[in-house]
Amino acid sequence: MISRPRVLGAVIAGGRARRFGSDKALAMLAGRPIIEHVIEALRPQADEIVICGRAWRKIPAIADRREGRIGPLAGLEAALHYAKTADFQGVLSVPVDTLPLPRNLAAALVGDDPAVLRDQHLIGYWPITCLGLLERHIEDGGRSLGSWIGRAGARQIDGAAAMVNVNTPDDLRTLSAQECSSA
Ligand SMILES: Nc1nc2c(ncn2[C@@H]2O[C@H](COP(=O)(O)OP(=O)(O)OP(=O)(O)O)[C@@H](O)[C@H]2O)c(=O)[nH]1
């Protein structure tokens with residue numbers, strides 16, 4: 001029998017949203033905050049879900065473990081740390097601001113080795129064995145996702161073509177138009 005790893009779903013949701021200009025997790029898409037869409041899409045893929053960098057309703061909130069502006073890697077580090085202490089085999093990470101999530105996400109990403117979506121490097125699977133390397137990477141000054149996936153040797157797979165990063169209000173309009181045309 002093939003056993004599936006126990007997967008922690010982590011919504012990476014800290015940061016300052018300077019380009020958006022307000023709390024983008026709460027930006028409305030089809031009548032609901034985008035964080036709700038992300039959680040709903042992640043739920044079937046994960047044994048438990050946490051939010052890294054903010055609180056949202058009753059979902060466990062995980063704080064970044066470092067002072068200063070580390071960026072998304074600090075959220076991933078916190079998720080991996082939680083996953084290790086709570087006996088998960090790995091973390092499926094997704095940003096709070098990128099939709100729509102592919103339906104077959106877990107099947108595509110979850111495995112024995114790190115893997116990310118090409119062009120959406122915060123959407124990835126990280127076995128907990130990556131934690132030590134990520135801590136060293138951050139301590140060495142690594143901040144970009146590109147340098148991290150290179151160091152971790154993450155496999156890159158296709159699947160992000162239709163996704164929109166909501167960095168600005170215009171991006172949200174693009175995503176809303178896409179949602180309407182696919183409804
Ligand atoms: N936990 C955590 N998440 C972060 C941090 N910085 C950014 N994020 C998340 O990482 C993803 C990508 O963030 P960015 O778009 O690069 O940064 P942002 O702060 O959201 O937006 P800008 O201020 O406009 O750059 C988003 O889902 C953010 O919520 C951080 O320091 N900690």
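Refer to the structure presented above.
Keep in mind the model is a prediction, meaning the values are calculated, not measured.

Considerations on the sheet that holds strand β5 (residues 61–62)
A sheet is described by the order of its strands in space; here seven strands give the open sequence β5-β4-β1-β6-β9-β8-β10, paired in mixed fashion. One side of each edge strand has no neighbouring strand; the edge strands of this open sheet are β5 and β10 (155–157). Pairing analysis gives six bridges linking strand β1 (residues 7–12) to strand β6 (residues 90–95), with the strands arranged parallel. Its bridge partner lying in β6, Val7 is registered against Gly90.

Description of the pairing of β1
Across the six residues that make up β1, a large majority, six, are buried. Across the two faces of β1 the burial is the same, with Val7, Gly9 and Val11 and Leu8, Ala10 and Ile12 all buried. Relative to strand β4 (residues 48–52), β1 is paired through five bridges, and the arrangement is parallel. Bridging from a neighbouring strand, Gly9 pairs with Ile49 of β4.

Some details on the site of the ligand
Inspection of the region around the ligand gives 20 residues, with Ile12, Gly14, Arg16, Arg18 and Asp64 positioned closest. A distance of 2.7 Å separates a nitrogen atom of the ligand from a polar atom in the side chain of Asp64. Against a free-state accessible area of 610 Å², the protein chains account for coverage of 86% of the ligand. Taken together, the residues of the shell around the ligand break down into eight nonpolar, six polar and six charged.

Focus: the nonpolar core
Ranked by size, the top nonpolar core spans 37 residues in total, and within it Val11, Leu92 and Leu109 carry the most contacts. Within the residue set of this core, elements represented by two or more residues are β1, α1 (34–42), β4, β6, α3 (105–109), β8 (115–117), β9 (120–127) and α6 (169–182). Here the element with the most residues in this core is α1; it accounts for five residues. Leave out the neighbours within four places in its chain, and Leu92 touches Val7, Leu8, Gly9, Ala10, Leu42, Gln45, Leu105, Ala106, Leu109, Val110, Gly124 and Tyr125. Residues Ile62, Ala83, Val91 and Ala152 belong to the second largest nonpolar core, which totals 27 residues.

Each value, and the rule that gives it
- Residues numbered from 1 in each chain as written.
- Predicted model: local features only at pLDDT ≥ 70, side-chain atom pairs only at ≥ 80, totals over all residues.
- Heavy atoms only, no water.
- Pairing = 2+ DSSP bridges.
- Helix = DSSP H or I, 4+ residues; strand = E, 2+ residues; numbered from the N terminus.
- Buried < 20%, exposed > 50% of the residue type's maximum accessible area, 1.4 Å probe, protein only.
- Near = heavy atom within 4 Å.
- Polar contact = N/O pair within 3.5 Å; in protein donor to acceptor, adjacent residues only side chain to side chain.
- Areas by Shrake-Rupley, 256 points an atom, 1.4 Å probe, with all protein chains shown as cover.
- Nonpolar A, V, L, I, M, F, W, Y, C, P; charged D, E, K, R; others polar.
- Core = buried A, V, L, I, M, F, W, Y, C linked by side-chain atoms within 4.5 Å.
- Contact = heavy atoms within 4.5 Å.

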